[in-house]
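Letter by letter, the chains look like this.
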Amino acid sequence: MEFEIKIGLETHVELLTDSKMFCGCSTKFGTAPNTQTCPICLGHPGTLPVINKKAFDYTIKVALALNCKIANFTQFHRKNYFYPDLPKGYQISQYDLPIGLNGYLDIKLNSKVKRIGISRVHMEEDTAKLLHFGETGRISEATGSGLDFNRCGIPLLEIVSAPDIKNVTQAKAYVMLLKKILEYLEVSDCNMEEGKFRIDANISVKKLGDEYSKTRTELKNLNSFRFLEKGLSYEIKRQSEILNKSEKLYLETRHFDSKTMTTKSMRIKEEAQDYRYFPEPDLVPIEISREWVDEIKKTVPELPSIRTDRIKKQYDISDNDVEIITSTKSMADFFESCAKIYPYPKIISNWIIRDLLYLLNQEQIQIENCKISSEHLVDMLKMIDTGSISGKIAKSIFKEMFKTGKMPGDIVQEKGLEQISDIDKLTDIIEQVLKENPEIVTQYLSGKMQVFTFLVGQVMKKTKGKANPKLVNELLKKKLK
Ligand SMILES: [Zn+2]
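Keep in mind that this is a model prediction, so the values were computed, not measured.

*Asks:* So what exactly am I meant to see when it comes to the pairing of strand β13 (residues 252-257) here?
*Replies:* The side chains of a regular strand alternate, first on one face of the sheet and then on the other. For β13, the buried fraction is high: 5 of the 6 residues fall into the buried class. As paired strands, strand β12 (residues 217-220) and β13 are joined by 4 bridges and run parallel to one another. By the bridge assignment, Glu218 is partnered in β13 with Thr253. Between β12 and its parallel partner β13, the chain crosses via helix α3 (residues 225-244), and the hand of that crossover is left-handed. Across 6 bridges, β13 lies against strand β14 (residues 262-268) in antiparallel orientation.

*Asks:* Where do I start with the side chain of Asp200 in this structure?
*Replies:* With respect to the helices, strands and loops of the structure, Asp200 is situated in strand β11 (residues 197-207). Accessibility expressed as a relative area gives 14% for Asp200, which makes it buried.

*Asks:* What's the story with the pattern of salt bridges in this structure? I'm lost.
*Replies:* Working definition: two side chains of opposite charge can pair if their charged atoms are close together. A complete count under the given rule lists 35 salt bridges for this structure. Across the pair Lys329 and Glu186 runs a salt bridge, and its minimum N-O distance is 3.7 Å. With Lys329 in helix α7 (residues 329-341) and Glu186 in the loop between α2 (168-185) and β11, this residue pair connects regions lying 143 residues apart in the sequence. Among the residues examined, Glu186 registers a relative accessible area of 48% and is labelled partly exposed.

*Asks:* For this particular structure, what's the right way to read the coordination of the zinc ion?
*Replies:* Octahedral metals with six donors have ideal donor angles of 90 or 180 degrees. Tetrahedral metals with four donors have an ideal donor angle of 109.5 degrees. Within the first shell, the zinc ion binds the protein through Cys23 (SG), Cys25 (SG), Cys38 (SG) and Cys41 (SG), at distances of 2.3 to 2.4 Å. Each of the 4 donor atoms bound to the zinc ion contributes to angles spanning 101 to 115 degrees, and the resulting shape is tetrahedral. Each donor residue of the zinc ion belongs to the same chain, and together they define the spacing C-x1-C-x12-C-x2-C. With a gap of 16 residues between them, Cys25 in the loop between β1 (3-14) and α1 (53-65) and Cys41 in the loop between β1 and α1 connect regions that are remote in the sequence. Taken individually, Cys25 and Cys41 each receive the classification buried, so the pair is uniform in this respect.

*Asks:* How should I be thinking about the packing of helix α10 (residues 391-404) against helix α11 (residues 408-415) in this particular structure?
*Replies:* Think of two packed helices as two axes; the pair is described by the angle between the axes and how far apart they sit. The contact between α10 and α11 brings their axes to 10 Å, and the two run at 110 degrees. By the angle between their directions, the pair α10 and α11 is classed as roughly perpendicular. Between α10 and α11 lies a crossing whose hand is right-handed. Here α10 contributes Ile397, Glu400 and Met401 to the contact with α11, which in turn contributes Pro408, Ile411, Val412 and Lys415. In the contact of α10 with α11, the residues fall into 5 nonpolar, no polar and 2 charged.

*Asks:* I'm lost on the domain arrangement of the chain in this one. Help?
*Replies:* As a measure of interface size, the accessible area lost when the parts come together is often cited. Along its sequence, the chain is carved into domain 1 (3-295), domain 2 (304-415) and domain 3 (423-480). Between the C-alpha centres of domain 1 and domain 3 there is a distance of 66 Å.

*Asks:* Sorry if this is basic, but what is going on with the sheet that holds β13 here?
*Replies:* The pairing of strands in a sheet happens through backbone hydrogen bonds and is either parallel or antiparallel. As summarised here, the arrangement of the 9 strands in space is β2-β6-β7-β10-β1-β11-β12-β13-β14, forming an open sheet in which the pairing is mixed. Only two strands of the sheet have a single neighbouring strand rather than two, namely β2 (69-70) and β14. Together, β1, β11, β12, β13 and β14 form the strand contacts of α3, whose direction differs from that of β11 by roughly 20 degrees.

*Asks:* Quick question: what am I supposed to make of the sheet that holds strand β15 (residues 278-279) here?
*Replies:* The strand order β5-β4-β15 describes an open sheet built from 3 strands, whose pairing is antiparallel. In this open sheet, the two edge strands, each paired with only one partner strand, are β5 (90-93) and β15.

*Asks:* Explain the environment of Ile40 to me, please; I cannot follow it from the model alone.
*Replies:* With respect to the secondary-structure elements, Ile40 resides in the loop between β1 and α1. We classify Ile40 as partly exposed; its relative accessible area is 24%. Along the sequence, Ile40 and Gln273 sit 233 residues apart, while their C-alpha atoms lie 27 Å from each other. Apart from residues no more than four positions distant in its own chain, Ile40 is found in contact with Phe22, Cys23, Thr47, Leu48 and Pro49.

*Asks:* Would you mind going over the side chain of Lys180 with me for this structure?
*Replies:* Note on placement: Lys180 falls in helix α2. Not counting residues within four places of it along the chain, the set of residues in contact with Lys180 comprises Pro304, Glu323, Thr326 and Ser327.

*Asks:* What exactly am I supposed to notice about the nonpolar core here?
*Replies:* Considering soluble globular proteins, one finds that nonpolar side chains tend to be buried as a cluster. Leu9, Leu66, Ile159 and Tyr174 are the most contacted members of the largest nonpolar core, which totals 66 residues. Among the nonpolar cores identified, the runner-up in size contains 38 residues, and Met331, Ala332, Leu377 and Val378 belong to it.

*Asks:* Teacher, can you tell me more about the packing of helix α12 (residues 423-436) against helix α14 (residues 452-462) here?
*Replies:* Two numbers describe how α12 lies on α14: the axes approach to 10 Å, and their chain directions differ by 125 degrees. In terms of their interaxial angle, α12 and α14 are classed as oblique. For the pair α12 and α14, the crossing hand works out as right-handed. Across the interface between the two elements, Ile429, Ile430, Gln432, Val433, Leu434 and Glu436 of α12 pack against Leu455, Gln458, Val459 and Lys462 of α14.

*Asks:* Explain α14 here, please?
*Replies:* Think of an α-helix as 3.6 residues a turn; residues three or four steps apart then line up on the same face. Buried within α14 are the following residues: Phe452, Leu455, Val456, Val459 and Met460. Down the axis of α14, the buried side of the element spans an arc of 145 degrees, and every buried residue falls inside it. Lining the buried residues of α14 we find α12, α13 (438-445) and α15 (469-480). Once α14 finishes, Lys464 follows within two positions and takes phi at roughly 55 degrees, a positive value.

*Asks:* Looking at this model, I keep getting lost on the environment of Lys462. Mind explaining?
*Replies:* Within the fold, Lys462 resides in helix α14. Taking the relative accessible area as the measure of exposure, Lys462 reaches 38% and is therefore partly exposed. For the pair Lys462 and Val433, spaced 29 residues apart in the sequence, the C-alpha separation amounts to 8.7 Å. What Lys462 contacts, discounting residues up to four positions off in sequence, is Ile429, Gln432, Val433 and Glu436.

Reading the values: rules and limits
Residues numbered from 1 in each chain as written. Predicted model: local features only at pLDDT ≥ 70, side-chain atom pairs only at ≥ 80, totals over all residues. Heavy atoms only, no water. Buried < 20%, exposed > 50% of the residue type's maximum accessible area, 1.4 Å probe, protein only. Helix = DSSP H or I, 4+ residues; strand = E, 2+ residues; numbered from the N terminus. Pairing = 2+ DSSP bridges. Right-handed = clockwise from strand over helix to strand, strands pointing away. Salt bridge = Lys/Arg side-chain N within 4 Å of Asp/Glu carboxyl O. Donors = N, O, S within 2.8 Å, 3.2 Å for Na, K, Ca; no water. Tetrahedral: all angles 85-135°; square planar, octahedral: opposite > 155°, others 65-115°. Axes fitted to C-alpha atoms, helices over the stretch in contact; angles between N-to-C directions. Parallel < 35°, antiparallel > 145°, perpendicular 65-115°, else oblique. Left-handed = near helix turned anticlockwise from the far one by under 90°. Contact = heavy atoms within 4.5 Å. Nonpolar A, V, L, I, M, F, W, Y, C, P; charged D, E, K, R; others polar. Domains from an automatic or database assignment. Core = buried A, V, L, I, M, F, W, Y, C linked by side-chain atoms within 4.5 Å. Arc of directions from axis to C-beta.

The following block contains the structure:
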């Protein structure tokens with residue numbers, strides 16, 4: 001039997017502000033539990049929230065980047081439900097008046113563009129973090145539970161896609177692009193391991209030709225690209241099998257279990273949950289002026305797909321390399337600041353992709369926190385060009401710059417790494433090598449040309465890699481004649 005699939009994704013993103021959504025508490029990650037709280041984010045009676053302006057600005061910025069219409073007027077609502085992670089008994093969120101509406105995101109797959117609608121972008125506050133004690137960390141097997149209110153009240157963005165996604169590949173492409181855009185906008189670090197970028201999915205499967213019923217599954221806990229892929233695939237298969245057996249599907253919430261890579265039912269609902277939303281009486285409604293929107297518009301940088309296309313054209317770099325170089329904004333910034341002061345972009349991208357990325361991965365650090373600046377790299381490339389260091393020595397200088405942040409010139413001086421281009425000196429060394437390897441010389445002279453590289457290697461070894469390789473080649477050939 002053939003099936004059709006409809007997927008909508010809800011993405012929650014913690015915004016990168018210093019303080020929380022409605023109080024002055026810090027949003028720093030990884031501190032001791034319940035050390036960043038106050039009566040407001042703990043929901044004490046009588047306290048009053050104050051809106052974080054920066055979080056509001058960021059939301060407008062994201063909505064603009066996702067091609068949304070920005071509301072003229074917006075308001076916060078209370079979403080009422082009872083759960084221990086919500087001390088007030090309600091979450092301050094947005095209901096019928098979100099900040100951004102009716103946008104879209106164009107994903108590219110096999111050089112074809114597919115447009116995914118963005119239904120809404122709105123703001124809310126994050127809940128506390130529930131920790132289940134015990135070996136597995138799962139609620140069903142826990143010996144007890146704890147609450148960390150440090151997360152409670154952190155500004156949270158909710159981005160809801162239209163159910164335009166037709167398969168797992170599209171879902172993954174959408175999420176990857178969305179994450180990249182948010183990183184380019186510098187509104188969130190989108191760290192998935194720290195739960196700052198979380199995905200829920202709504203999935204409906206129907207037989208080809210049938211109408212979609214209301215029995216979609218809400219799938220929770222898809223918090224890595226791998227889980228997203230596994231969770232969606234499992235759920236599509238599960239629903240298809242039920243339809244194949246002509247059994248009934250339910251409107252239900254399911255949890256993705258990353259251990260078994262399957263989904264488990266959390267609750268079956270008869271109809272959509274009623275949260276009894278009502279306007280938050282402690283916050284004034286907000287008019288968003290066009291001047292305000294225009295101000296924010298100026299802060300939206302060149303977005304990933306546009307920048308990728310431009311860099312490819314401007315610097316004539318291969319598709320593959322340009323994808324790597326623009327994978328993060330900071331990497332693209334690094335590349336372009338080098339290209340501004342050094343005219344060979346291909347050489348720059350090679351050093352970034354082969355050497356810099358290797359070291360960054362090895363040390364697990366981000367390019368923006370690394371000690372090599374564009375000046376470091378370009379100074380070193382110029383030293384190769386003028387022949388004062390060899391390409392081989394450059395590799396070790398690069399590692400040293402990465403470790404210490406010293407300029408290449410200083411490293412060369414300190415370690416005596418300057419390339420040897422003195423003809424007399426090199427001739428002496430070559431004569432020595434020839435004297436030490438009479439058999440090899442005979443082999444060469446009898447026509448075994450491939451031993452030549454061995455002799456070059458010996459000269460390089462004697463000079464600890466500092467001999468000018470081009471010159472060594474020339475002089476050695478002359479001598480052997
Ligand atoms: Zn607080």
